[in-house]
Amino acid sequence: MLKIILLGYGELASSLLLGIVNSGHKLVGVMRWEKAKHSGPVPLAFKEMIFPNNFNSLVKAFKIPEIKAKSANSEQFKKQVLALHPDIILIGCWGEVLKK
């Protein structure tokens with residue numbers, strides 16, 4: 001069984017999430033692009049209530065732990081990923097270039 005982290009948003013990330021869950025592998029963490037890019041006066045939880053999206057709903061429904069970081073290139077992200085010991089990180093749409 002592989003331990004997988006998924007970065008993404010939208011339909012591609014939703015399809016990957018469902019595929020991972022149905023494959024029997026373990027989804028140990030998710031980082032949603034909406035969380036990474038969000039900054040503004042309206043709390044993200046309120047925004048998600050008004051404009052729900054399928055990927056966010058799946059993350060919540062399957063109770064997948066969320067990685068909380070401003071960027072996938074940040075030290076905060078690296079620390080959380082290392083703590084989860086994934087075998088692979090999958091990306092289903094992402095809005096930044098990932099560094100080595």
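I will try to describe carefully the structure that is included in this document.

Cut-offs and rules
- Note that residues are indexed from 1 along each chain, following the sequence as it is written.
- Confidence filtering applies because this is a predicted model: local features only for residues at pLDDT of at least 70, side-chain atom pairs given and counted only at 80 or more, and all residues used for totals across whole chains, interfaces and linings.
- To obtain the side-chain values, all non-hydrogen atoms of the structure were used and water was disregarded.
- Lines fitted to the C-alpha atoms define the axes, with helices restricted to the stretch that makes contact. Angles between their N-to-C directions range from 0 to 180 degrees.
- Only DSSP runs of H or I reaching four residues or more are called helices, and only runs of E reaching two or more are called strands; each is numbered from the N terminus.
- The cut-offs work like this: below 35 degrees is roughly parallel, past 145 is roughly antiparallel, 65 to 115 is roughly perpendicular, and the gaps in between are oblique.
- Any two residues whose heavy atoms approach within 4.5 Å at even a single point are treated as in contact.
- When residue character is reported, Ala, Val, Leu, Ile, Met, Phe, Trp, Tyr, Cys and Pro are called nonpolar, Asp, Glu, Lys and Arg charged, and the others, Gly included, polar.
- Strand pairing follows a simple DSSP-based rule, namely that at least 2 bridges must link the two strands.
- Here a salt bridge means any side-chain nitrogen of Lys or Arg lying within 4 Å of a carboxyl oxygen belonging to Asp or Glu.
- Throughout this description, buried means an accessible area under 20% of the type-specific maximum (1.4 Å probe, protein chains only), exposed means over 50%, and partly exposed covers the range between.
- As used in this structure description, the phrase polar contact means that two N or O atoms lie within 3.5 Å; if the pair is within protein, one of them must be able to donate a hydrogen and the other to accept it, and residues adjacent in sequence are counted only when both atoms belong to side chains.

## Here's the deal with the packing of helix 1 (residues 10-23) against helix 4 (residues 54-61)
Right, on to step 1. Look at helix 1 against helix 4: their axes get within 8 Å of each other, and the N-to-C directions meet at 30°. Taken together, the axes of helix 1 and helix 4 are roughly parallel relative to one another. Counted together, Gly10, Glu11, Ala13, Ser14, Leu17 and Leu18 of helix 1 and Asn54, Phe55, Leu58 and Val59 of helix 4 form the full contact between these two elements.
Right, on to step 2. Each residue belonging to the contact of helix 1 with helix 4 can be placed in one class, and the counts come to six nonpolar, three polar and one charged.

## Some remarks on the sheet that holds strand 1 (residues 3-8)
Right, on to step 1. Here we have three strands laid out as an open sheet, ordered 2-1-3, and parallel in their pairing. The open sheet has two edge strands with one neighbour each: strand 2 (26-32) and strand 3 (88-92). On average, adjacent strands in this sheet sit at an angle of 20° to one another, irrespective of strand direction.
Right, on to step 2. By the bridge criterion, five bridges tie strand 1 to strand 3 in an arrangement that is parallel. Bridge pairing in strand 3 places Ile5 opposite Ile89.
Right, on to step 3. Across the sheet, helix 4 touches strand 1 and strand 2, and the angle it forms with strand 2 is around 140°.
Right, on to step 4. This element, helix 5 (residues 75-84), spans strand 1, strand 2 and strand 3 of the sheet and lies at about 155° to strand 1.

## A closer look at the pattern of salt bridges
Right, on to step 1. Applying the stated criterion across every chain yields a total of two salt bridges.
Right, on to step 2. Lys78 is the salt-bridge partner of Glu75, the closest N and O atoms lying 3.4 Å from each other. Highlighted residues: Glu75 and Lys78, both in helix 5, separated by three residues, approximately one helical turn.
Right, on to step 3. Residue class for Glu75 comes out exposed when judged on its relative accessible area of 52%.
Right, on to step 4. Residue Lys78 is classed as partly exposed on the basis of its relative accessible area of 37%.

## A few points about the environment of Cys93
Right, on to step 1. Along the chain, Cys93 falls in the segment after strand 3.
Right, on to step 2. With relative accessibility at 32%, the residue Cys93 sits in the partly exposed group.
Right, on to step 3. Between the C-alpha atom of Cys93 and that of Leu12, which follows or precedes it by 81 residues, the distance is 6.8 Å.
Right, on to step 4. In this view, Cys93 contacts Leu7, Gly8, Tyr9 and Leu12; residues no more than four positions away in its chain are not counted.

## Some details on the side chain of Ser71
Right, on to step 1. Secondary-structure assignment places Ser71 in the loop between helix 4 and helix 5.
Right, on to step 2. For Ser71, a relative accessible area of 16% gives the class buried.
Right, on to step 3. Within the structure, the side chain of Ser71 is placed 2.9 Å from the backbone nitrogen of Asn73, a separation counted as a polar contact.
Right, on to step 4. With residues near it in sequence (within four places) discarded, Ser71 still touches Met31, Phe77 and Glu96.

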